[in-house]
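Residue strings, one per chain:
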Amino acid sequence: EKMAVDCDVAAAIIGGLFIGMATGLLRILRGKIAGNAGMVKICVMSDRRESEDVVDAASFVVGLLAGGAVMLAAGGSLADAAFAPAQEFSYWRYAIGGICTGLGVALGNGCTSGHGLCGLSRYSIRSLVATCTFMGMCVVTTLSFAKGLPREIVVFVFSPPEDVGLFIAIGVSALVLIGVIVLVIRYGMVSEIVAGGLCHGSTGLLFAIGLGIGSMTKQAIVMEAFGADGVWNPQLFILFGTALATTFLFYRVGDRIEASHHCPLAVTPGKTHNFSGNNKGPDRRLVTGAALFGVGWGMCGLCPGPFIVDLVTLSLRYCVFGLCMLVAMRVEGQFLQAVPADSYNDISDNLVSHDGGGADSSSTKD
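Owing to the predicted nature of the structure, the values given are computational and were not obtained by experimental measurement.

Draft legend 1. Fine view of the environment of C132. Assignment of secondary structure puts C132 in helix α7 (residues 125-145). Expressed as a C-alpha distance, the spacing of C132 and G294, which sit 162 residues apart in the sequence, is 9.7 Å.

Draft legend 2. Up close: the packing of aromatic side chains. Summed over the entire model, instances satisfying the criterion amount to 9 aromatic pairs. With a centroid separation of 5.7 Å and 75° between ring planes, the pair formed by F226 and F237 is classed as edge-to-face. Here F237 lies in helix α11 (residues 235-260) and F226 lies in the loop between α10 (219-224) and α11, a separation of 11 residues in the sequence. Its relative accessible area of 33% is what places F237 among the partly exposed residues. An angle of 5° between the planes, with centres 5.6 Å apart, marks the rings of F293 and W297 as stacked. Placement of the pair is F293 and W297 together in helix α12 (residues 284-300), with a separation of 4 residues, close to one helical turn. Both residues of the pair, F293 and W297, belong to the buried class.

Draft legend 3. Layout of unusual backbone geometry. Non-glycine residue Y123 carries a positive phi angle of around 60°. When you line up the elements, Y123 lands in the loop between α6 (112-121) and α7. We note that L314 has phi near 60°; this positive angle belongs to a residue other than glycine. Looking at the secondary structure, you find L314 in the loop between α13 (304-310) and α14 (316-336).

Draft legend 4. Quick peek at the pattern of salt bridges. Tallied over the entire structure, the rule returns 7 salt bridges. When the shortest N-O distance is used, the salt bridge between R252 and D255 registers 2.8 Å. With R252 and D255 both in helix α11 and 3 residues apart, the pair spans about one turn of that helix. By relative accessible area, R252 is classed as buried at 19%. Residue D255 is classed as partly exposed on the basis of its relative accessible area, which comes to 28%. For E332, the salt bridge goes to R285, with nearest N and O atoms at 2.3 Å. Here E332, found in helix α14, pairs with R285, found in helix α12; they are 47 residues apart in sequence, far enough to count as distant. For R285, a relative accessible area of 23% translates into the label partly exposed. It is possible to trace a salt-bridge network through shared partners that takes in R27, R252 and D255.

Reading guide: rules and limits
Residues numbered from 1 in each chain as written. Predicted model: local features only at pLDDT ≥ 70, side-chain atom pairs only at ≥ 80, totals over all residues. Heavy atoms only, no water. Helix = DSSP H or I, 4+ residues; strand = E, 2+ residues; numbered from the N terminus. Phe/Tyr/Trp six-rings, centres within 6.5 Å; stacked < 30°, edge-to-face > 60°. Buried < 20%, exposed > 50% of the residue type's maximum accessible area, 1.4 Å probe, protein only. Salt bridge = Lys/Arg side-chain N within 4 Å of Asp/Glu carboxyl O.

Written out as structure tokens, the structure reads:
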């Protein structure tokens, strides 16, 4: 018997716009990739990273958590749109999913944001291969747990949550905050390391709001995009497409800024960053990592960014997933990574160090 499934197009588009603006602004203002997996791994491997990188990455993660806390504290339909109880999978499933996700994003150097948004916006062939691989493996994994192929009728809904105005107000506030931070930095009121932390924290907050309004923090919505329990809901793909288009446009603006060698809003004057992509072809490490991430994502419907936002609910299942993911990242960084990277700017297929060096100057990272 067929059933109707609501796909909130308006919420997906608005959420995608916020996510795209967050990734694009971080690229323009700091010359950095808004890869959630990369940010988390920098925190996990903080003893092997430069202090500036750790501050930037930690600030972005704090921004994600702050966004989740704001949405949860607001309550009402705002919290209902962003959060749902953790899926009642076994703890073993969450543990295995966390391990696969952690190893996968570490080996493959990226997840849906780093490869799927930023990498594709940089015309990276490696990111294209990685994205296709983890999406495909996610479909296969999700369907292996499903109760059958999708048999529902999709109903496209164009009415966002009742409190969408509050979502937008929070997002606009984050944009205003970014503007204020830029002005403060341009007039030399804070140090470079503080400037980086402020930019990363505010863009992380904006990213979290986008995830919440698009319901990407709900496991069921994510897994339904891949056919979970005989249901197909394209809301994830609508949001992803919107976020990718927005990121792509911001990256083209960044290209023009770099070509002109002048940006009145740049907060890192004198620094150059290479966003031309990686010339290496896909390799086994990349494909293996992307495949493992796809398995973990398909098992639990969680990837690093939404997981961090969901963590504010203090669900034990999320904690099990996160602990296993972090341990797996640490194991990969400690024992499986041949050469430590100079800078997290090479996360998600971005081979570039802070001094503007090319692929060979950083590491085997993608």
